[in-house]
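So you can see what is in the structure, the chains are spelled out below.
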Amino acid sequence: FSSRRRHTRWNCDWSSDVCSSDLARPGDAPDTITDLVAVAEGEATDLQRRHGADLVIDLPHDGASCRVRLTPSTAHIILGNLLRNAAEAQRGCGRIAINVAAPGVLVVANPGRLPGSATLTGGGSGGLGLGLTLCRRLLAEASGSLDLRQVAHTVEAEVRLPAADPAPAGPP
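Residues numbered from 1 in each chain as written. Predicted model: local features only at pLDDT ≥ 70, side-chain atom pairs only at ≥ 80, totals over all residues. Heavy atoms only, no water.

Student: I'm lost on the overall build of the chain in this one. Help?
Tutor: When you go through the chain residue by residue, the secondary structure sums to four helices and nine strands. Ordering the α and β elements of the chain from the N terminus gives β-β-β-α-β-β-α-β-β-α-α-β-β. Going through the 172 residues of the chain one by one, you find that 34% of them count as buried. Taking all contacts inside the chain whose residues are at least 6 apart in sequence as the whole, residues at least 24 apart take part in 67%. In the form shown here, the chain has an accessible surface area of approximately 9900 Å², with 53% of it arising from carbon and sulfur atoms. (Helix = DSSP H or I, 4+ residues; strand = E, 2+ residues; numbered from the N terminus. Buried < 20%, exposed > 50% of the residue type's maximum accessible area, 1.4 Å probe, protein only. Contact = heavy atoms within 4.5 Å. Areas by Shrake-Rupley, 256 points an atom, 1.4 Å probe, with all protein chains shown as cover.)

Written as structure tokens, this is what we have:
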């Protein structure tokens, strides 16, 4: 999915700051449960193919999952954007960590400094500077949020979504 471009049509009522999009793919039911760790693994693999061994992405181990109510296509857009931003901040080399902080909470962290708000909206890496705005909008539509924070020498992007019911337990 992440290697194909997709044109998106937005329906916006700018007076109320409400937008909806046609980003959902056929078969994406609104109440779909998606594992953000699995989506992050796919996006990380794609980024590492493009950047090579210079980019290291640490993923949660030991069967960790972050099951949320979000369509897979929307999850790919959000996590793909956050991981690309982290890779670009390190110029394609360095280390990105992805952690499950709590049920429904995934954190993408990379070494660096949080740029000023002008840089966050200015598209300093050759983009249009709309990625974080789009992520926040998509997360808000799903009753979630995106918070950026500086912790020591690390930038953290925290994705919060309503957690899905825990995975069903296997046979006793």
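Student: What should I look at first to understand the nonpolar core in this one?
Tutor: Here is a general trend for soluble globular proteins: nonpolar side chains tend to be buried in one another's company. In this structure, L36, L70, I78, I96, L146, V159 and L161 are the most contacted members of the largest nonpolar core, which totals 32 residues. Secondary-structure elements contributing two or more residues to this core are α1 (36–51), β4 (55–58), α2 (72–89), β6 (94–102), β7 (105–111), α4 (131–141) and β9 (154–160). (Core = buried A, V, L, I, M, F, W, Y, C linked by side-chain atoms within 4.5 Å.)

Student: In this structure, what is going on with the pairing of β6? I would like to understand it.
Tutor: For a regular strand, the rule is simple: side chains alternate between the two faces of the sheet. Sheet analysis places β4 next to β6, joined by four bridges and oriented parallel. Among the inter-strand pairings, L55 is bridged to a residue of β6, identified as G94. Looking at chain direction, β6 and β7 are connected through five bridges and run antiparallel. Bridge pairing links I98 to V108 in β7. Turn length for the β6-β7 hairpin, with the two strands adjacent in sequence and antiparallel, is two residues, and the turn residue G104 shows positive phi of about 80°. (Pairing = 2+ DSSP bridges.)

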